[in-house]
Amino acid sequence: VGSCSVLFSSVARFCSPRTRMAGAFLESCLWAMIDAREDEKVSGLVAKMLPRVLGHLRTPEFRNKALEVVTCVNNRAKGAPGVTMPIKELLEVFAAKESSPFEKNFAMLFLAMGWKRASGAETGPLVPRVLGVLGGQIAQHQTMLLHLALASIEHVKSAEWEACPAPPEAMEMLRSFLLDVMLYSPPLTAKPPPGGSPGAAAGAPAPPPSPPPPADGLSPEAEERLVGQATAGVRPAGMGAAEYIMGRKLAVLKAIQGKLLSDEAALPIALVAQCGAHHEVRKMGEDLARARANKADFEDTALVGTLYRLLLGDAQQAQPGLPPPLAPAARRAPAGIQVKGLLYANVCRSVRAANSFPECLRAVFEGLYGATSTLRTKQGAMQLASWTLKQAEDAVLRPIAGVVLTGLIKFVREMPEVADVGGGEVAVAQLRGFTYSVIGQVAQRSPELFAADVGIAAMLFGAFGTEAPEVKVSVQEALSLCCSAYEGAGPEVKERLMALLQTSIDSPAHQPRFCAVYWANRLFAFHDVRARYVCLLAVADAKTEVRDEAKAGLEPPVAPPPGAAAASLILAEDERLVAARAAARLPAFEDMVAHLCGPAVAQARRGAPAGVKAAMVAFCNRCLAEGCAKASLSRAAYLSAEGEHAANRSQAATQMQGIIEDALTAALAPLGGRGVADASLARASFQALVDLHAARPDVVAGAYGQRLKWLEAFLFCANEGTRELVAVLYGALAVRMPPAELQAVVETLAASAAGGEGLGTGLDTRLGAVAALGHTLARGGEAVPKEARLAALRLLHALVRDKRADVVCVA
């Protein structure tokens, strides 16, 4: 003992007074800790000396003695939960710029120990300061500081956040950490198979179980940061890490309801909370998401990036033009299926998201074709595709439009069955309808993708025969949108389109018939005979919308009068409409009747309904009238068998007669019936036939000169106008007959007019016979044999005094 005292005295003699005081302080601290028994006394000693003791760790000559004191404090406090720590002072020791790594490590050790033992009223005000020192620390310390903030985050008051705002770097780390907390869900424990593993049955040692994958939206590193060793210092004793993190979610949402995070930073956390495992979390997440979404700026770059990263995760493989993928431990998986549904809906509120390439394209295809894709994600992906087509700039959309179109067509052709997609037939039908609508939107934004590909139009027209009724509405919408994409197509494509329209006009469903007429009216010139034939076939359609579109296609567009309102708000489109109307003209008469009498059309024309045949007659008459007006010729001169166009026009007159006769045949009563079934059709057809006879009597006489008996079915009908027209034609044809035959005709008409048995009985028969007799006598004159002529005149004179007023009027 004497030698030791001498040694200490000699050492102390060469030390400075400050050094001697530090050594004495540490020695006294050590003995004080050894002597303290009660937790309250230990807590008081620790509060006074621990921050000073930690400061001595930076000095090499006192480090060992300071470590003895620190070790003694740790051993004394670790087993005594009643011992408290000076957390505020320890936090300042950790935050000091001059603190050495030794000081920081032990300060963090005792800070975590004391944080768990302190009340919320003590730790809450310190959270802003914790975040203030977060930047620039090593990863282990950052994780521990974030857990300290998480443990007391609900105890921070709004005024305390405003009084001590954290730097942006720290707030971003906090936002990411809280989002990870909300994404976390404990792994499901797999049940062992019955009888154990195959290796155990064979006597071999069972292989170690593989670690469960991280929760959706997390990487292995992020999950380790949440439930790893760092949580042991802050979670209550006896509580597992997973249980602790799940229990902190509600506290996080309560804190976010204040001014902890901006609307853009809080929204992704609220969206994830909406799909939480607990009802309280879900309910609060819904309220928070609704409030923050109304105020958030969806054009914020960080918000869009966060939404896409949740939706897609991190890239798994290297891709050209993109940064290299992260290490496997740092790669995040996409969020869960329920969260994805909300993410798609919110991404579709951002124009920046629609212009984010390649994220928007990846999100569309991942939602449609991803391995975990469901009906909800497919609907969300289709919604995003539609949003992108509406909002993306041309420079962004141009390179990806073709890829999107190919994906949509593939999806609608290869869509899995209802059982594979889930959601029921109604939901699948809605998805298919949405897909067709998006294809139509692609045509509006990128028409060049359609102009040379008739296959897309054929697919859409063919869909009417396979899709459910509720989907056909969307197919019709898509076809209406795609129509303009083919306006600039070449002749070969137009030929293929016309063949498609001619096939579709005969469809049993009304939607393809409407689209066929719609396309014919907009893709082909008004003078195109095939397009007008498509309209003629639909003019008597059972559906009102088809009839109206067909009738509109038979009326040439009329240029608006000067000073009229614009047809479109787009100046270029209005100019195009005006130009189209100015150039519109009816087809040439010769071309129209030649097409209707062509081998491919004639058979179908004869089987057409009566209304279609009447429209054909009327339209051909209009074509003839316009042709005469443009050539400044009468009908007789236009259809004359002389001149440079004689052959074509003479043949056209003959073909017109055949078209009129088809219409007259349709006006007669069906087989087995008598008389005229459609008097209005008969009257319109005979008006055309009388006009044709006036221009080319040889054509009409050649067709009906020996068929007066057939004309009598119309002559004796109940319609006065029809009888009069037939009587005119009847008389004109009769006078061309030989005298003997003409006399027989006059005598037969006279007998019927007198009420005899000549051509039948009945008032209509008498009226028709009187009218025909008068026109025959008027046209024939002295060509009618004298005896028959005088007898007929006496009969007409007598009929003027008939008791029937109708007979008197006609006579």
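Residues numbered from 1 in each chain as written. Predicted model: local features only at pLDDT ≥ 70, side-chain atom pairs only at ≥ 80, totals over all residues. Heavy atoms only, no water.

J.: What am I meant to see in the overall build of the protein chain here?
T.: Of regular secondary structure, the protein chain possesses 44 helices and zero strands. Of all 811 residues assigned to the protein chain, the portion counted as buried reaches 48%. Of the contacts formed within the protein chain by residues at least 6 apart in sequence, a portion of 71% connects residues at least 24 apart. Accessible area for the protein chain stands at about 38900 Å²; split by element, carbon and sulfur atoms hold 56% of it. (Helix = DSSP H or I, 4+ residues; strand = E, 2+ residues; numbered from the N terminus. Buried < 20%, exposed > 50% of the residue type's maximum accessible area, 1.4 Å probe, protein only. Contact = heavy atoms within 4.5 Å. Areas by Shrake-Rupley, 256 points an atom, 1.4 Å probe, with all protein chains shown as cover.)

J.: How do you make sense of helix 11 (residues 168-183) when you look at a structure like this?
T.: Spacing of three or four residues puts side chains on the same side of an α-helix, whose turn is 3.6 residues. For helix 11, spanning 16 residues, the distance from its first C-alpha to its last is 22 Å, which sits close to the expected 22 Å at 1.5 Å a residue. Within helix 11, 12 of the 16 residues are buried, which leaves the element mostly enclosed by the surrounding structure. Those residues of helix 11 not exposed but buried are A170, M171, M173, L174, R175, F177, L178, L179, D180, V181, M182 and L183. (Expected span 1.5 Å × (residues − 1).)

J.: Any chance you could explain helix 13 (residues 220-227) here in plain terms?
T.: Listing the buried residues of helix 13 in full gives A222, E223 and L226. Around the axis of helix 13, the buried residues are gathered within 95 degrees of arc, so they sit on the same side. Looking at the buried residues of helix 13, the elements they touch are helix 9 (139-152), helix 11 and helix 14 (241-256). (Arc of directions from axis to C-beta.)

J.: Honestly, unusual backbone geometry in this entry has me stumped. Any pointers?
T.: Only a minority of non-glycine residues have a phi that is not negative, and only a minority of peptide bonds are not trans. Here the amide bond leading from F357 into P358 is cis, since omega sits at 10 degrees, within 30 degrees of zero. Inspection of the secondary structure puts P358 in the loop between helix 19 (351-354) and helix 20 (359-369). Unlike most non-glycine residues, S632 shows phi in positive territory, near 55 degrees. Judged by its relative accessible area of 64%, S632 is exposed.

J.: Would you mind going over the pattern of salt bridges with me for this structure?
T.: Pairing is possible between side chains of opposite charge, provided their charged atoms come close. As enumerated under the stated definition, the model contains 23 salt bridges in all. In this structure, R432 and E467 form a salt bridge, with 2.7 Å as the shortest nitrogen-oxygen distance. Placement of R432 in helix 24 (residues 424-445) and of E467 in the loop between helix 25 (454-463) and helix 26 (469-483) is noted, with a sequence separation of 35 residues between them. Neither residue differs from the other here; R432 and E467 are each classed as buried. When the shortest N-O distance is used, the salt bridge between R622 and E555 registers 3.6 Å. Of this pair, R622 sits in helix 34 (residues 610-631) while E555 sits in the loop between helix 30 (544-553) and helix 31 (571-583), and the two are 67 residues apart along the sequence. Assessed through its relative accessible area of 47%, E555 is described here as partly exposed. Among the ionic contacts, a cluster of salt bridges with common partners joins D180, R225 and R332. (Salt bridge = Lys/Arg side-chain N within 4 Å of Asp/Glu carboxyl O.)

J.: Please explain the packing of helix 15 (residues 263-273) against helix 16 (residues 279-295) as it appears in this structure.
T.: Two packed helices can be described by the angle between their axes and the distance between those axes. The interhelical angle for the contact between helix 15 and helix 16, taken along N-to-C directions, is 145 degrees, at an axis separation of 8 Å. Seen along the crossing, helix 15 lies across helix 16 with a hand that is left-handed. Taken together, the residues of helix 16 that come into contact with helix 15 (itself represented by D263, E264, A266, L267, A270, L271 and A273) are V281, R282, G285, L288, A289, R292, A293 and K295. Here the residues of the contact of helix 15 with helix 16 sort into nine nonpolar, one polar and five charged. (Axes fitted to C-alpha atoms, helices over the stretch in contact; angles between N-to-C directions. Left-handed = near helix turned anticlockwise from the far one by under 90°. Nonpolar A, V, L, I, M, F, W, Y, C, P; charged D, E, K, R; others polar.)

J.: I would appreciate a short explanation of the packing of aromatic side chains in the present structure.
T.: What describes a pair of aromatic rings is the distance from one ring centre to the other and the angle between the planes of the rings. If you walk through the whole model with that rule in mind, you get eight aromatic pairs. Considering the side-chain rings of F461 and W519, the 5.4 Å spacing of their centres and the 75 degrees angle between planes classify their relative orientation as edge-to-face. Here the residue F461 occupies a position in helix 25, and W519 occupies one in helix 28 (residues 510-523), the gap between them amounting to 58 residues. Ring pairing ties together the aromatic residues F450, F461, Y486 and W519, which thus form one cluster. The side chain of K410 reaches across the aromatic face of Y369, ending 5.2 Å from its centre. (Phe/Tyr/Trp six-rings, centres within 6.5 Å; stacked < 30°, edge-to-face > 60°. Lys NZ or Arg CZ within 6 Å of the ring centre and 35° of its normal.)

J.: What am I meant to see in the environment of E724 here?
T.: Turning to its location among the elements, E724 is positioned in helix 40 (residues 720-734). Once the C-alpha coordinates of E724 and G768 are considered, the two residues, 44 residues apart in sequence, prove to be 7.7 Å apart. For E724, the residues in contact, after removing those within four places along its chain, are A771 and H775.

J.: How should I be thinking about the nonpolar core in this particular structure?
T.: Within the largest apolar cluster, 260 residues are counted, with the highest numbers of intra-cluster contacts made by M85, L178, Y308, F450, W519 and F589. Per element, the largest residue contribution to this core is 10 residues, and it comes from helix 11. In contact with W519, other than residues within four places in its own chain, are A457, F461, L479, S480, C482, C483, Y486, L497, L501 and F524. (Core = buried A, V, L, I, M, F, W, Y, C linked by side-chain atoms within 4.5 Å.)

J.: Looking at this model, I keep getting lost on the packing of helix 11 against helix 15. Mind explaining?
T.: Axis separation between helix 11 and helix 15 bottoms out at 9 Å; the angle between their running directions is 5 degrees. By the angle between their directions, the pair helix 11 and helix 15 is classed as roughly parallel. Across the interface between the two elements, R175, L178, L179, M182 and L183 of helix 11 pack against A265, P268, I269, V272 and A273 of helix 15. Within the contact of helix 11 with helix 15, the residues separate by chemical class into nine nonpolar, no polar and one charged. (Parallel < 35°, antiparallel > 145°, perpendicular 65-115°, else oblique.)

J.: Would you mind showing me how to read the confidence of the model for the protein chain here?
T.: Should the pLDDT be low somewhere, the predicted coordinates at that spot are not to be read in detail. Summing up the model confidence of the protein chain, the mean pLDDT is 82 and the portion of residues at 70 or higher is 87%. Note that residues 1-14 has pLDDT below 50 and, in this model, one contact with residues that lie over four places away or in other chains. Taken together, the stretch residues 567-571 has pLDDT below 50 and engages in five contacts with residues farther than four places along the chain or on a different chain. (pLDDT = per-residue confidence, 0-100.)

J.: What should I look at first to understand the side chain of K104 in this one?
T.: Mapped onto the secondary structure, K104 falls in helix 6 (residues 101-117). At 8.7 Å, E103 is the nearest oppositely charged side chain to K104, a buried residue that forms no salt bridge. Discounting residues that sit within four places of it in the chain, K104 has contacts with F94, A96, S99, Q137 and H141. (Lys, Arg positive; Asp, Glu negative; His and termini not counted.)

J.: Any chance you could explain the environment of M656 here in plain terms?
T.: Its location among the elements puts M656 in helix 36 (residues 646-667). Take M656: its relative accessible area is 2%, and that puts it in the buried class. When sequence neighbours within four positions are dropped, the list of residues in contact with M656 reads F589, V593, V617, C620, N621 and L692.

J.: When you look at the side chain of S43 in this model, what are you seeing that I'm missing?
T.: Mapped onto the elements, S43 comes out in helix 3 (residues 39-55). Setting aside its immediate chain neighbours within four residues, S43 contacts G82, V83 and T84.

J.: Is there a simple way to explain the environment of A401 in this structure?
T.: Checked against the element boundaries, A401 lands in helix 22 (residues 394-414). Sequence separation between A401 and A385 is 16 residues; the distance between their C-alpha atoms is 10.0 Å. Not counting chain neighbours up to four residues away, the residues in contact with A401 comprise V442, S446 and L449.

J.: I would appreciate a short explanation of the state of the cysteines in the present structure.
T.: Note: disulfide means a covalent bond formed between the sulfur atoms of two cysteine side chains. All told, the structure shown has zero disulfides when counted by the stated rule. Cysteine C623 shares no disulfide, and the gap to the nearest cysteine sulfur, in C620, comes to 6.0 Å. (Disulfide = S-S within 2.5 Å.)

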